[in-house]
Amino acid sequence: MKKSHIFGIIIIAIAVMIIVATAGDASTYVSFKEAKTLSDAGQNKKIHVVGTLKKDATGHVTGIMPGDNKVSFSFIMVDENNKEQQVYYNSPMPADFTKSEQVVIIGSYHADQFVADKILLKCPSKYQEKEIS
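Scope of this entry: the structure provided in the associated data block.

What counts as what
Residues numbered from 1 in each chain as written. Predicted model: local features only at pLDDT ≥ 70, side-chain atom pairs only at ≥ 80, totals over all residues. Heavy atoms only, no water. Helix = DSSP H or I, 4+ residues; strand = E, 2+ residues; numbered from the N terminus. Buried < 20%, exposed > 50% of the residue type's maximum accessible area, 1.4 Å probe, protein only. Contact = heavy atoms within 4.5 Å. Areas by Shrake-Rupley, 256 points an atom, 1.4 Å probe, with all protein chains shown as cover. Patch = residues over 30% accessible without salt bridge, like charges linked within 9 Å, V, L, I, M, F, W, Y side chains within 5 Å. Salt bridge = Lys/Arg side-chain N within 4 Å of Asp/Glu carboxyl O.

1. So, the overall build of the chain
Part 1 of the reasoning: For the chain, the count of helices and strands is two helices and seven strands.
Part 2 of the reasoning: Tracing the chain from N to C terminus, the helices and strands come up as α-β-α-β-β-β-β-β-β.
Part 3 of the reasoning: The buried share among the 133 residues of the chain stands at 26%.
Part 4 of the reasoning: The long-range share in the chain, meaning contacts at least 24 apart out of those at least 6 apart in sequence, stands at 49%.
Part 5 of the reasoning: Within the structure as shown, the chain displays about 9,500 Å² of accessible surface, and the carbon and sulfur contribution to it stands at 58%.

See below:
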């Protein structure tokens, strides 16, 4: 075999190893029930849960409570199966948090509370078509 063929095979093998390694890190969105089951089973990977913030009848966000250290906070999130869960976030509240349409939290369960390491927001589009009066 020529050296160029051996070099090509090595490059292909490295590419396959990288693809396999990153595929293991890919995750899907789960409900709080599935996240709790995964946590109880001993999975220590970060879990992605998608949902919305709990709102009252008038549409205002409820359940946001500041943490003891004045930097962290907790909130109530409702997943796609309408299960409510208290979520703790050990960082300041993201900008426009209460205006978000959808929230994705990345984290894990600790006892019966979901602890988010990261929060991703889907905010309302400022480019939505509106009627001009």
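Moving on, there is more to tell.
2. Overview of a nonpolar patch on the surface
Part 1 of the reasoning: A cluster of nonpolar side chains, Met1, Ile6, Ile9, Ile10, Ile14, Met17 and Ile18, forms an exposed patch at the surface whose accessible area comes to about 740 Å².
Part 2 of the reasoning: For Ile9, the position within the fold is in helix α1 (residues 3–23).
Part 3 of the reasoning: Classification of Ile9 as partly exposed rests on a relative accessible area of 49%.

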